[in-house]
Structure formats: structure tokens, C-alpha cells
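Each chain, written out:
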Amino acid sequence: MTLIRLDTLPRHLAVIMDGNGRWAHQKGLPRTAGHREGSESVRRTVRTCRKLGVETLTLFAFSEQNWERPVFEVRALMDLFREFLIKERAEVLRTGIRVRSLGRVQRLPIYVRALLEQLESETAHLGGMRLQLAMSYGGQEEIADAARRLAEKAKNGEIDPASIDEKSLGAELPSSEGGPVDLLIRTGGEYRISNFLLWGCAYAEFYFTRTLWPDFGEEELFRAINSYQKRNRRYGRVVTEEEHSEERKLAQSSATPAHV
């Protein structure tokens, strides 16, 4: 088993869950079977991240562009979302997970949106891991929506346009509540971020794997975190010799096997 240090976990972990359709195709199954199997990977990943102590987990469940998929596939995905929200409600409440939705959720069918809004309301006061579900989400769309809100405030005289800066724009982004992304994982072998958390990923570390999402398990997650913990995050600055020395000490220290 890959070893990881529990003292340097990514605070905000984001995942692009790719490869459900290809997993199903390889097995001669319909794409919907891949999505169903992928929902099991969601459960595993949420449980493992919570037990490890990750503060925020953001999952790219459905993009704005995914509405262009065949109607039957979109409907199947919505049915899976509904099923997931119903089945996981008890465990979410029991373990103190705070659920937050990101995206233009008003586009979701009412039978999904109502359950999502209910779970958000029921968990808003909880102090456990923040689980952000990006549904009908797009990074460019989120930034555009935020800019529109600031423009309205400026138009109404609530703010001075000259005062708008990175901080004020970032504060308008719902995804910013989870903090900047530390580690972004993408499964399925693609090397792009597909309009996901564009603002929050400004200084994120990326981990790409060919593993298809339905096959993504605890060991692959540990490998991604282990890779993250070996990296030197400079944020555009030069690292001092003192910091290099500290990194060497950490690297030489024994890693902790994260049995969850």
C-alpha cells in the first residue's frame, strides 16, 4: 500500500471523474452501467477522504456542456443523482458532512434539485468535511455569473467599480467557499481540466491517471496524495535553502500508512 503523511494532506481536493462510458464500453455494457459503477467510486472516495481528514472535496458530477449528451443518458444520470442523494443522506448526516452544490443548479430537474437543496439545508450547520457537488457547472460560467453580479452592484451604486479586484471577484464565486484547490485529480487518461474550477485551480497541483473512474479506489487515491506530498509548491516565488532543508527532513521522515 502507498504510504501518505496525514500532517500534509491537501486541504481542498477536487476530482474530475472521467471514464465511466469507456469502462462500460470495454465490458460490452451500456454507458449507463458505467455511470452506475462510477457512483460506487464516489461513495468510496467520499468515505476515504472524510476518514483521512480532507477538509473540502469537490466532485465534478455534471458539467454545463453535459446537457448536450443524448437525452436518455442525461435522464439516467439525473436518476442516479436522485438515488445517490436519497441513499447517502443518512450517512452524510451521521458523519457530519456538509453538502454544498456548485453550478447553475436551477437547470436540474425538480426531483433532483429538491433533494439537493434539502440536503444542503440539513447539513449547513455540520462541522465535518465539506462535500461540494459541481452539477450543471462550468468554470467560465461561474466567473461570468460572478462578474454579472458585481456589475449589477456597481450599476446600483452599491460598490465602486474601481474597487473591484481579485479578492472581490473571488468572493463572489461559490466555489471559493471551499478554499483554493490544492490537488486536482483527473481519471480516464485525459490531460485537461475541462472548464473545472478555473479560479480555484490557479495554483493547484495536478494528478492525471489512466485509471477509469469506476476502477478508482483507495490505493489510487493514496498514490495521488503521495505524489502531491512530494511536490514543491512555490506559488511563483523562489524557495529558500531553509525551506529546502525542511522539505528534505519531511521526505526522510516515515510516512504514515493511512488505513481507513
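Placed above this text is the structure.
Here we summarise the structure given alongside this text. In this text, all values refer to a predicted model and were calculated from it rather than measured experimentally. (Residues numbered from 1 in each chain as written. Predicted model: local features only at pLDDT ≥ 70, side-chain atom pairs only at ≥ 80, totals over all residues. Heavy atoms only, no water.)

1. A look at the sheet that holds strand 6 (residues 205-208)
Heads up, the condition is: Two strands make a pair as long as DSSP finds a minimum of two bridges between them. Secondary structure is summarised from DSSP: a helix means a run of H or I of at least four residues, a strand means a run of E of at least two, and numbering begins at the N terminus for each. Every axis in this analysis is a line fitted to C-alpha atoms, fitted for helices over the stretch in contact. Angles between the N-to-C directions lie between 0 and 180 degrees.
The six strands are arranged 3-4-2-1-5-6 in an open sheet whose pairing can be described as parallel. Bordering the open sheet on either side are strand 3 (98-102) and strand 6, each of which pairs with just one other strand. Here the average twist between neighbouring strands, direction ignored, is 20 degrees. Sheet topology places strand 1 (residues 12-16) next to strand 5 (residues 183-186); four bridges connect them, and they run parallel.

2. Section: the pattern of salt bridges
Keep this limit in mind: One side-chain nitrogen of Lys or Arg within 4 Å of one carboxyl oxygen of Asp or Glu is enough to make a salt bridge. Summary of the burial criterion: residues with accessible area below 20% of their type's maximum are buried, those above 50% are exposed, and those between are partly exposed, where the area comes from a 1.4 Å probe applied to protein chains only.
By the definition in use, this model includes 29 salt bridges. Among the salt bridges present, the one from Arg 75 reaches Asp 79, with a minimum N-O distance of 3.1 Å. Highlighted residues: Arg 75 and Asp 79, both in helix 3 (residues 71-95), separated by four residues, approximately one helical turn. For Arg 75, a relative accessible area of 49% translates into the label partly exposed. On the accessibility criterion, Asp 79 (34% relative accessible area) is partly exposed. Taken together, the salt bridges that share partners define one network made up of Glu 64, Arg 104, Arg 107, Asp 145 and Arg 148.

3. Remarks on the environment of Ser 41
Quick note on the threshold: Between two residues, a contact is recorded if the distance between any of their heavy atoms is within 4.5 Å. Polar contact is defined as a pair of N or O atoms within 3.5 Å, subject to the rule that within protein one atom must be able to donate a hydrogen and the other to accept it, and that residues adjacent in sequence are counted only when both atoms are side-chain atoms.
In this fold, Ser 41 is placed in helix 2 (residues 31-52). What makes Ser 41 buried here is its relative accessible area of 0%. Through-space distance from the C-alpha of Ser 41 to that of Pro 214 is 5.6 Å; in sequence the pair is 173 residues apart. Beyond its immediate chain neighbours, meaning those up to four positions away, Ser 41 contacts Trp 213, Pro 214, Asp 215 and Phe 216. At a separation of 3.1 Å, a polar atom in the side chain of Ser 41 contacts the main-chain carbonyl oxygen of Pro 214.

4. Re the environment of Ala 202
Here Ala 202 lies in the loop between strand 5 and strand 6. Exposure remark for Ala 202: the relative accessible area of 57% places this residue in the exposed category. On a C-alpha basis, the gap between Ala 202 and Pro 180 in space is 7.9 Å, while along the polypeptide they are 22 residues apart.

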